[in-house]
Amino acid sequence: AVADLPHEEFKALNRTIAESVERVYEISSKQNAELLAYYWGCAENAEKEEQYAAIAGEQAFRSGAYHAAAAYLQRALELQPFIESSRRKQAQIKQQLGDANRALGNRDAARGLYDESLATCREIGYRWGVAANLNRLADLQVEAGDMEDAARLLVEGLRTATEARAQTVALASLVG
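(A) Looking closely at the overall build of the protein chain. Helix and strand counts for the protein chain stand at 8 helices and 0 strands. When the helices and strands of the protein chain are read in sequence order from the N terminus, they spell out α-α-α-α-α-α-α-α. With the C-alpha coordinates of the protein chain rotated into their principal frame, the extents come out at 60 × 45 × 25 Å. Within the protein chain, the fraction of its 176 residues that count as buried is 38%. In the protein chain, of all internal contacts separated by at least 6 residues, the share reaching a separation of at least 24 is 47%. When the accessible surface of the protein chain is split by element, carbon and sulfur atoms take 53% of a total near 10,200 Å². Both charge centroids of the protein chain, one from 20 positive and one from 26 negative side chains, sit 6 Å from each other.

In structure tokens form, the structure reads like this:
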């Protein structure tokens, strides 16, 4: 039985299964993200598990499966210290996990995740991420009935997005 396999053989078996699924479903491996996250997790390959857990979380969120989205995105976030990942990706996962928590009615958890994502985006100078998190925080303030703070956040988000857009257009005109 599989349960009786020595640990290293169990990992190797799961790695073989995951590689086979990737190979057979190469074009549609994103459609098998949940399955691949599971097998790569059993194979103890943090980078691959994180990759597919993040995809599975995003897909679950889009389909309205917020509990599953939160679980996959939380797992992707937990794996960050064990992989080489960009801070931008970490901020994105926190933002998506915030979205899942908000959809589940966990506004405080969502606010904390948006705040963390916002701080990271500011540190790395990722203006689109700053604007997106400010807009999400503003939405939470609207839901809480704090229109003054919501307006302040929206104005800051709009200003940041406008600056980011202007920078993008300026760079495109220099390159073009």
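Back to the text.
(B) Representation of the packing of helix α5 (residues 87–103) against helix α7 (residues 127–144). Packing of α5 against α7 brings their axes to within 11 Å, and their N-to-C directions diverge by 15°. One finds that α5 runs roughly parallel with respect to α7. For the pair α5 and α7, the sense of crossing is left-handed. In contact with Q95, D99 and R102 of α5, α7 contributes G129, A132, N133, R136, D139, L140 and E143.

(C) Spotlight on the packing of aromatic side chains. Overall, the coordinates contain 2 aromatic pairs when judged by the stated rule. Plain terms: the ring middles of Y38 and Y39 are 5.2 Å apart, the flat faces sit at 70° to each other, and that makes the pair edge-to-face. Ring centres 5.2 Å apart and planes at 55° place the aromatic pair F61 and Y66 in the tilted group. Overall, F61 belongs to the partly exposed group, its relative accessible area being 28%.

(D) Region of interest: the environment of G64. With respect to the secondary-structure elements, G64 resides in the loop between α3 (46–62) and α4 (66–78). Judged by its relative accessible area of 36%, G64 falls in the partly exposed class.

(E) Seen up close, the environment of A60. Position of A60 relative to the elements: it lies in helix α3. Along the sequence, A60 and L73 sit 13 residues apart, while their C-alpha atoms lie 9.7 Å from each other. Leave out the neighbours within four places in its chain, and A60 touches A65, A68 and A69.

(F) Spotlight on helix α1 (residues 7–24). Taking 1.5 Å of rise per residue, the 18 residues of α1 would be expected to cover 26 Å, and the 26 Å separating its terminal C-alpha atoms lies within 8% of that figure. Residues of α1 that are buried sit in contact with α2 (33–42) and α3.

(G) Layout of α4. Look at α4: 18 Å from first C-alpha to last across 13 residues, which is about the 18 Å you get at 1.5 Å a residue. Buried residues of α4: A69, A70, L73, A76 and L77, and no others. Along the long axis of α4, the arc covered by the buried residues comes to 130°, so they all point the same way. Next to the buried residues of α4 lie α3, α5 and α6 (107–124).

(H) Representation of the nonpolar core in the model. Core analysis: the largest hydrophobic core is formed by 22 residues, its most contacted members being L36, W40, Y52, I93 and L97. Within the residue set of this core, elements represented by two or more residues are α1, α2, α3, α4 and α5. Per-element accounting of this core gives the leading share, 6 residues, to α3. Residues contacting I93, with those up to four places away along its chain left out, are E50, A54, L73, A76, L77 and Q80.

(I) Region of interest: the packing of α4 against α5. Where α4 meets α5, the axes come as close as 9 Å, and the angle between the chain directions of the two elements is 155°. By the angle between their axes, α4 is roughly antiparallel relative to α5. Like other packed secondary-structure pairs, α4 and α5 cross with a definite hand, here left-handed. The segment α4 lies against α5, with Y66, A69, A70, L73, Q74, A76 and L77 engaging Q90, I93, K94, Q96, L97, A100 and A103. When grouped by side-chain class, the residues that make up the contact of α4 with α5 number 10 nonpolar, 3 polar and 1 charged.

Analysis parameters
- Residues numbered from 1 in each chain as written.
- Predicted model: local features only at pLDDT ≥ 70, side-chain atom pairs only at ≥ 80, totals over all residues.
- Heavy atoms only, no water.
- Helix = DSSP H or I, 4+ residues; strand = E, 2+ residues; numbered from the N terminus.
- Buried < 20%, exposed > 50% of the residue type's maximum accessible area, 1.4 Å probe, protein only.
- Contact = heavy atoms within 4.5 Å.
- Areas by Shrake-Rupley, 256 points an atom, 1.4 Å probe, with all protein chains shown as cover.
- Lys, Arg positive; Asp, Glu negative; His and termini not counted.
- Charge placed at Lys NZ, Arg CZ, Asp CG, Glu CD.
- Axes fitted to C-alpha atoms, helices over the stretch in contact; angles between N-to-C directions.
- Parallel < 35°, antiparallel > 145°, perpendicular 65-115°, else oblique.
- Left-handed = near helix turned anticlockwise from the far one by under 90°.
- Phe/Tyr/Trp six-rings, centres within 6.5 Å; stacked < 30°, edge-to-face > 60°.
- Expected span 1.5 Å × (residues − 1).
- Arc of directions from axis to C-beta.
- Core = buried A, V, L, I, M, F, W, Y, C linked by side-chain atoms within 4.5 Å.
- Nonpolar A, V, L, I, M, F, W, Y, C, P; charged D, E, K, R; others polar.

Structural measurements only, silent on function.
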